[in-house]
Amino acid sequence: AWAYPTARHDAPALFDSVATEAARQVGQLNAHHVAQLVWAFAEARHSAPALLDALAGRFLSLSGRWTRKDCSDVAWGYATLGHAVPELHAAIAGFASTRMDRFEAGDLVALLWAFGKVGQEAVQLLDSAAPVFSANVRTLASEELLQVAEAYVMAGREAEELFAAIRAEAER
């Protein structure tokens, strides 16, 4: 399913069929397969609420097998589709906040944006991400800096050191 949105090929009937079959076999999916499906449906902007609920439950049941990329893709996908699952986002926030220094910058940006987009409170995640971003602000593209700032603003979270680092980078 991931190839169709990657190729920018609109295939709603295919995604409907995949949703039906994936929901039937959700118990056989591993965490990476769940992340790939969520990403593909989000990239295609094809909402399938029953499937997304089933995939959230499956992903939660596999929490010991998550990767940083899978968490980022899942959070981004649910946010992109506007499908909030508070317990899923809370679990991902807990996972990510203890592994902050191991995330690729782009994955961390997507993760923070997702939390802001769905309105999920993730104080611990945002607080642990701020120093990481502050220290690495020069490695981020302008769009990523904007998304990071947007995530903190959407969450109503103060991050003075981070905003100062972003401001300084913008003035360079």
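Rules used throughout
For every chain, the first residue of the written sequence is number 1, and numbering continues from 1 onward in sequence order. Thresholds applied to this predicted model are a pLDDT of at least 70 for local features of residues and 80 or more for the giving and counting of side-chain atom pairs; totals over whole chains, interfaces and linings are not thresholded and use all residues. As a rule here, side-chain values come from all non-hydrogen atoms in the structure, and water together with hydrogens is ignored. Each helix is a run of DSSP H or I of at least 4 residues and each strand a run of E of at least 2, with the numbering of both proceeding from the N terminus. Here the radius of gyration uses the C-alpha set of atoms, whereas the globule reference equals 2.2 Å times the residue count to the power 0.38. Between two residues, a contact is recorded if the distance between any of their heavy atoms is within 4.5 Å. Pairing of aromatic rings covers Phe, Tyr and Trp, the last through its six-membered ring, and needs centres within 6.5 Å; plane angles under 30 degrees mean stacked, over 60 mean edge-to-face, and all others mean tilted. Think of it in three bands: with a 1.4 Å probe and only protein chains considered, a residue is buried below 20% of the maximum accessible area for its type, exposed above 50%, and partly exposed in between.

(A) Looking closely at the overall build of the chain. Helix and strand counts for the chain come out as ten helices and zero strands. In the chain, the succession of α and β elements from N to C terminus is α-α-α-α-α-α-α-α-α-α. By the compact-globule yardstick of 16 Å for 172 residues, the chain fits well, its C-alpha radius of gyration being 16 Å. Seen through its C-alpha atoms, the chain measures out along the principal axes to roughly 50 × 35 × 25 Å. Partitioning the intrachain contacts of the chain with sequence separation of at least 6 by distance along the chain shows that 70% fall at a separation of at least 24.

(B) A look at the packing of aromatic side chains. Counting across every chain of the model gives four aromatic pairs. Ring geometry for Phe 15 versus Phe 41: centroids 4.9 Å apart, planes at 90 degrees, classification edge-to-face. On the criterion of sequence distance, the pair formed by Phe 15 in helix 2 (residues 12-24) and Phe 41 in helix 3 (residues 31-43) is long-range, its members being 26 residues apart. Seen from their ring centres, Trp 66 and Phe 95 are 5.6 Å apart, and the 70 degrees between their planes marks the pair as edge-to-face. Of this pair, Trp 66 sits in the loop between helix 4 (49-61) and helix 5 (68-80) while Phe 95 is found in helix 6 (residues 86-97), placing the two residues 29 residues apart along the sequence. Overall, Trp 66 belongs to the buried group, its relative accessible area being 8%. Here Phe 95 falls in the buried class, since its relative accessible area comes to 10%. An aromatic cluster of at least three residues, connected via ring pairs, comprises Phe 59, Trp 66 and Phe 95.

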